Each structure stands twice: as C-alpha cells, then as structure tokens.
Amino acid sequence: MHTMQVHHSVHHRALPGRGFGQWPCAPVSSHNVQGQHYRHGQGVAQPQLCRVLAPEASSVAAPSSSPQHGRLQPADLISQVARPVNADMVQMNRNLRSIVGERHPMLMAAADQIFGAGGKKLRPMIVFLVARATADLAGMDDITERHRRLAEIIEMIHTASLVHDDVLDDCSVRRGKQTVNTMFGTRVAVLAGDFLFAQASWLIANLENLEVIKLISKVIADFANGEISQASSLFDTEVTLQQYSDKSFYKTASLIAASCRSSAVFSGMDEQQKQAMYDYGKHLGLAFQVRTCCMQ
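Below, the structure is looked at part by part.

Rules used in this analysis
Residues numbered from 1 in each chain as written. Predicted model: local features only at pLDDT ≥ 70, side-chain atom pairs only at ≥ 80, totals over all residues. Heavy atoms only, no water. Helix = DSSP H or I, 4+ residues; strand = E, 2+ residues; numbered from the N terminus. Buried < 20%, exposed > 50% of the residue type's maximum accessible area, 1.4 Å probe, protein only. Salt bridge = Lys/Arg side-chain N within 4 Å of Asp/Glu carboxyl O.

Here we look at the environment of Asn225
Turning to step 1, where the next piece is worked out: With respect to the helices and strands, the residue Asn225 is situated in helix H9 (residues 210–232).
Turning to step 2, where the next piece is worked out: Residue class for Asn225 comes out partly exposed when judged on its relative accessible area of 33%.
Turning to step 3, where the next piece is worked out: The sequence separation of Asn225 and Lys251 amounts to 26 residues, and the corresponding C-alpha distance is 8.0 Å.

Some remarks on the pattern of salt bridges
Turning to step 1, where the next piece is worked out: Per the counting criterion, the structure on display carries 10 salt bridges.
Turning to step 2, where the next piece is worked out: Of the charged contacts in the structure, one is a salt bridge between Lys274 and Glu211, with a shortest N-O distance of 3.2 Å. Of the two residues, Lys274 sits in helix H11 (residues 271–295) while Glu211 sits in helix H9, which places them 63 residues apart along the sequence. With respect to burial, Lys274 and Glu211 carry one shared label: buried.
Turning to step 3, where the next piece is worked out: Between Lys274 and Glu271 there is a salt bridge whose closest N-O contact spans 4.0 Å. In this pair, Lys274 and Glu271 are both assigned in helix H11, three residues apart and thus about one turn of the helix distant.
Turning to step 4, where the next piece is worked out: Exposure remark for Lys274: the relative accessible area of 11% places this residue in the buried category.
Turning to step 5, where the next piece is worked out: Overall, Glu271 belongs to the partly exposed group, its relative accessible area being 44%.

Description of unusual backbone geometry
Turning to step 1, where the next piece is worked out: For Glu208, which is not glycine, the phi dihedral falls at a positive 55 degrees.
Turning to step 2, where the next piece is worked out: Here Glu208 is to be found in the loop between helix H8 (186–205) and H9.

Structure (structure tokens):
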C-alpha cells in the first residue's frame, strides 16, 4: 500500500482557543465562495470570542486524577460547554419539528424520527455559542432572531444530508435508532431529505444577507462535491493528503466554518473577527472528520 504523499506546500498556524485541549498546528488552505476568497489561517481569534467557544480551564471542571473518580468523559465536557445555550437549543428543537409538520403533516412522524433520534446537535450548538460570544463582544443585549434561524437552517441542512446518506449507504440504524428509510421506505426518506434542503434554501433567502446566502448555499454544493469525491476514491491507495483534506472540508468542515462566520456576520463583527470564526469552524470540522475516519 502506498503512503499518502504531500504534493503541495502548506503553511501552519496554531488553532485559537483552549478548553478542547492543546491542538496541534493545522494546515492552511484556501477556498473560494462564489467570488469571495476566504483564506483559512488569516486572523487570530480574539480572547473575548474564545471565552464562550473554549472556556478557560477554571470554568470547566478538570478531570480528576483519582482512580475512584476517573477521567471526565467527553459528554460531560460537551454538556458544560453547551450550558450557556441550553435554552436556545430547546427552542430550536421545538421549531424544527413544527417547520416540517406544519407544511406536510405526513412527514411529522418522519420529523420526530429525524430530529428526535438523539445526537448532540453540535452544529447548531456551535452557531449559538459563536452568536452569544460575538453578540457579547458587540455589546448586544441578546442574540437576534436571525441567529436563531441560522441555527435551525444549519441543523436542517446537516440532517437532510444524513437522511440522504442513509439511503445511499442502505443504512438501517443511526444513533441507535432505525433510520427514516428503514421505517418509512426509500421514497419518503428521499422526499424528506429533499424537503429539508428546499426549506433550508428558502429560509436562507429570507435572511436577506447576501454574504450569508452565498456562504450557506455553497455548503450545499460542497456536500455533493464531497460525496462524489469520496465515491470516486474508494479503495484508492494513492489519495494525496490534499485530496483527503479537500474531501473532508466538503463533507464536514465547510458547513461548520460557514455557520461560524455567518453567526459572526449577524453580530456585526468586522472582517478579522469573521475570518477568525471561519478558521475556528474549519479547523474544528476537519478535526472532527479525521477522528470520524479513524473510528470507522
């Protein structure tokens, strides 16, 4: 088996923030979003932004070294990080079910399965955390309705991609529960995924912010690009690190990066701060995808 070869030059920079551990330096690359160029690696996250995104050690209980207590589990760390936005997440879950059920009652049962199948809903959680961090930095009293709608859109897009993935992969179980295509058939699953993508696109347009519309619309195209890249490279032992990085960006990091930047946009942040949030989401998404690949 051939090892991956790096055929391009990369620069490196340390990832901003703490709280998720001391991350190593990550490659810097560039992506174009419909005429706008976002260079991953520009800008440095401001300390104020990191207070919510990556709490200081004093605000997160440190793992106990005592054998009787053991190490703090990842789920416990996530619960602590998510605490400032718990109420936001509850409201979002309620809204998501109504969005699907009100328009198409026949999909209500599928919606309960889709949005109630467990999972930590990390993507909208990150949207809310960035929203509250940047809103605080901007001196806002609270996050806006556009922040809330953005979180719903991000979860809808992510969930739609999972529903379609389960059909393509003929997956019968996700998160310990039967998938939509197993319970309701392929036809309903495909239509449910299509509806979520279409509804998310309509909601994006109603945000009435061209920068955000371009960012999130590009993400939907990136999903398809990532799936095609993955399918075309099955059993390919000569995939380069750059090809793997691009595929991982399209499948996972693109959505998280765009959602972080979009959340900062709605808080009125300047370009440096928006780029810092994009970098944060991009690196977090790549790390998440690499870990997923290792587990699989």
